[in-house]
Protein chains: 2
Amino acid sequence: MRKGAETRERILEIAEMSVLAKGFAATSIEEIIAEAGITKSGFFYHFKDKNELAHIMLKRYVCANDRVFDDVIERGHQLSDDPLQAFLISLKLLAEVMSDLPNGHPGCLIACICYQERQFDREVLNLTARSVEAWNARFRAILDNIALEHPPRDAIDFDDVADMLSCVVDGSIIMSKALNDPSRIERQVMAFRSFIKLLFLSTPQIRVPMPNSTGISETVN
Amino acid sequence: MRKGAETRERILEIAEMSVLAKGFAATSIEEIIAEAGITKSGFFYHFKDKNELAHIMLKRYVCANDRVFDDVIERGHQLSDDPLQAFLISLKLLAEVMSDLPNGHPGCLIACICYQERQFDREVLNLTARSVEAWNARFRAILDNIALEHPPRDAIDFDDVADMLSCVVDGSIIMSKALNDPSRIERQVMAFRSFIKLLFLSTPQIRVPMPNSTGISETVN
DNA sequence: GGAATACTGTACCTCCAGTACAGTTTTGGC
DNA sequence: GCCAAAACTGTACTGGAGGTACAGTATTCC
């Protein structure tokens with residue numbers, strides 16, 4: 001019975017857009033069902049209450065986001081064997097993905113929930129925390145891998161550098177909303193990329209032969 | 001008649017805390033007046049409706065935030081004549097101020113409003129945009145000033161670097177909320193500081209002879 | 001064709017934002 | 001101490017939304 005799943009998906013999509021634009025409490029069930037073209041009974045057939053809606057919506061969001069990260073990281077690795085170059089490519093791709101939305105980025109559901117945390121139960125809040133931790137751990141692993149071949153030029157904790165990517169993305173989404181300028185996200189991801197370049201590349205932008213131990217001498221922009 | 005101003009301030013403080021924890025729509029007037037120890041009529045004597053409350057609350061927040069930035073920037077300039085060193089000191093002070101809150105940072109009202117934008121009128125949204133622009137312009141001016149004496153090591157747009165501070169602060173506030181770890185904000189501001197160091201300081205921490213054209217070789221922490 | 005699935009319709013309850021407005025207390029200036 | 005403005009209180013109401021309950025109907029897949 002696939003039709004039920006379709007309706008469910010439609011409800012979730014409408015609800016997510018509304019929550020990101022107006023907040024959770026201001027998102028009325030009446031409005032969702034009006035847009036989805038169903039009745040209130042139909043809504044409560046799929047979700048036992050608004051809290052369950054939130055829970056399923058969040059799970060859906062986290063999965064979709066994971067897929068985006070998986071994709072850009074994988075494509076980075078496909079395009080370069082060097083972990084640093086691969087990550088720089090991934091960041092460029094991430095920047096592109098983020099700006100490739102017709103009406104600007106709708107927002108990060110995690111951030112949205114954090115600013116309305118008292119409205120949600122432990123389960124939802126735990127899921128937000130666990131997904132943020134998972135992303136941070138993932139970026140951290142990438143940095144460790146990079147450092148094996150490229151010694152960092154500043155004694156900064158890699159956990160903080162890893163965290164910074166999420167922070168920059170979430171922060172720039174807010175700025176893009178505040179200023180109604182979608183391009184800010186792309187530019188901020190690229191600014192973070194610049195930080196990574198400065199942190200790990202021993203050669204500045206202007207090309208010089210590299211006197212390092214490995215003897216690697218790759219082209220870098 | 002000073003008593004009115006006192007009540008007003010109490011309402012605004014309670015409302016702000018509630019809005020940052022639960023969102024605007026979920027912040028009930030009933031709850032505010034219960035905590036403030038007044039009646040509903042008392043509330044509507046001070047604010048003609050919830051929207052006016054939002055407007056005044058935001059103005060209050062922006063002023064308070066401006067004062068914090070003014071303070072750290074001024075103290076930075078008092079402690080060093082070099083614009084780069086002054087900014088690095090300001091960032092350190094900012095990191096300290098951000099983490100110096102007993103129950104963690106309550107949140108950024110601007111970010112909170114951006115994630116509930118459909119609930120607010122043009123006036124409120126314009127005020128959020130104008131304050132973000134003002135902060136960005138301010139940081140940009142500082143960077144221009146630094147660049148006069150310290151040439152940047154990467155061809156990055158200073159507007160983006162300036163924006164990045166707000167992004168990192170807002171993003172790290174979200175992360176500190178998501179993970180219930182107030183220290184993330186301080187660490188992220190310090191990570192941004194590291195970026196500034198790498199961008200403008202010509203000598204990295206681990207001393208190696210640099211085969212660059214300028215021949216500059218300064219001691220740096 | 002039948003059973004599970006996917007809904008609709010109706011009726012009802014509670015809570016809260018917001019409105020309206022008359023009445024009362026408190027405060028500060030003279 | 002008086003008085004007027006300021007700072008409230010009390011009461012009563014409207015409307016909309018979340019949520020419940022449950023019987024009935026249509027659709028879909030096997």
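Everything below is about the structure printed above this text.
Procedures and definitions
Residues numbered from 1 in each chain as written. Chains lettered and ligands numbered in written order. Predicted model: local features only at pLDDT ≥ 70, side-chain atom pairs only at ≥ 80, totals over all residues. Heavy atoms only, no water. Near = heavy atom within 4 Å. Polar contact = N/O pair within 3.5 Å; in protein donor to acceptor, adjacent residues only side chain to side chain. Helix = DSSP H or I, 4+ residues; strand = E, 2+ residues; numbered from the N terminus. Buried < 20%, exposed > 50% of the residue type's maximum accessible area, 1.4 Å probe, protein only. Arc of directions from axis to C-beta. Least-squares fit on C-alpha atoms with pLDDT ≥ 70 in both. Axes fitted to C-alpha atoms, helices over the stretch in contact; angles between N-to-C directions. Parallel < 35°, antiparallel > 145°, perpendicular 65-115°, else oblique. Left-handed = near helix turned anticlockwise from the far one by under 90°. Contact = heavy atoms within 4.5 Å. Nonpolar A, V, L, I, M, F, W, Y, C, P; charged D, E, K, R; others polar.

### Quick notes on the protein's contact with DNA strand C
Part 1: Surrounding DNA strand C, one finds 20 residues, the nearest of these being Thr7, Thr39 and Ser41 of chain A together with Ser28 and Ile29 of chain B.
Part 2: Sugar plus phosphate, as a fraction of atoms of DNA strand C within 4 Å of the protein: 62%.
Part 3: Contact between DNA strand C and His46 of chain A: a phosphate oxygen at 3.1 Å from a side-chain N or O atom of the residue.
Part 4: Those elements giving two or more residues to the surface near DNA strand C turn out to be helix H1 (2-22) and helix H3 (40-46) of chain A together with helix H2 (29-36) and helix H3 (40-46) of chain B.
Part 5: The leading source of residues in the surface near DNA strand C is H3 of chain A, at four residues.

### Let's talk about helix H2 (residues 29-36) of chain A
Residue and element names in this part refer to chain A.
Part 1: Buried residues of H2: Ile29, Ile32, Ile33 and Ala36, and no others. Across the axial projection of H2, the buried residues extend over an arc of 95 degrees, all falling on one side. Looking at H2, the residues exposed on the side facing more than 90 degrees away from the buried face are Ala34 and Glu35.
Part 2: In the stretch just after H2, Gly37 is the one whose phi turns positive, near 70 degrees.

### Here's the deal with the relation of the copies chain A and chain B
Part 1: Of the transformation superimposing chain A on chain B, the axial component is 0.0 Å and the angular component is 180 degrees, with the fit at an RMSD of 0.1 Å. Both copies of the chain, as the preceding transformation shows, are related through a two-fold rotation axis. Of every C-alpha in chain A, the one belonging to Gly171 of chain A sits nearest the axis of rotation, 2.1 Å from it.

### Regarding the packing of helix H7 (residues 122-149) of chain A against helix H8 (residues 158-179) of chain A
Residue and element names in this part refer to chain A.
Part 1: For the pair H7 and H8, the least separation of the axes is 8 Å and the interaxial angle reads 125 degrees. Our classification of the angle between H7 and H8 gives oblique. Considering the relative orientation of H7 and H8, their crossing is right-handed. Packed against H7, whose contacting residues are Trp135, Asn136, Phe139, Arg140, Leu143, Asp144 and Ala147, the element H8 presents Phe158, Asp159, Val161, Ala162, Asp163, Leu165 and Ser166 at the interface.
Part 2: Partitioned by chemical class, the residues of the contact of H7 with H8 number eight nonpolar, two polar and four charged.

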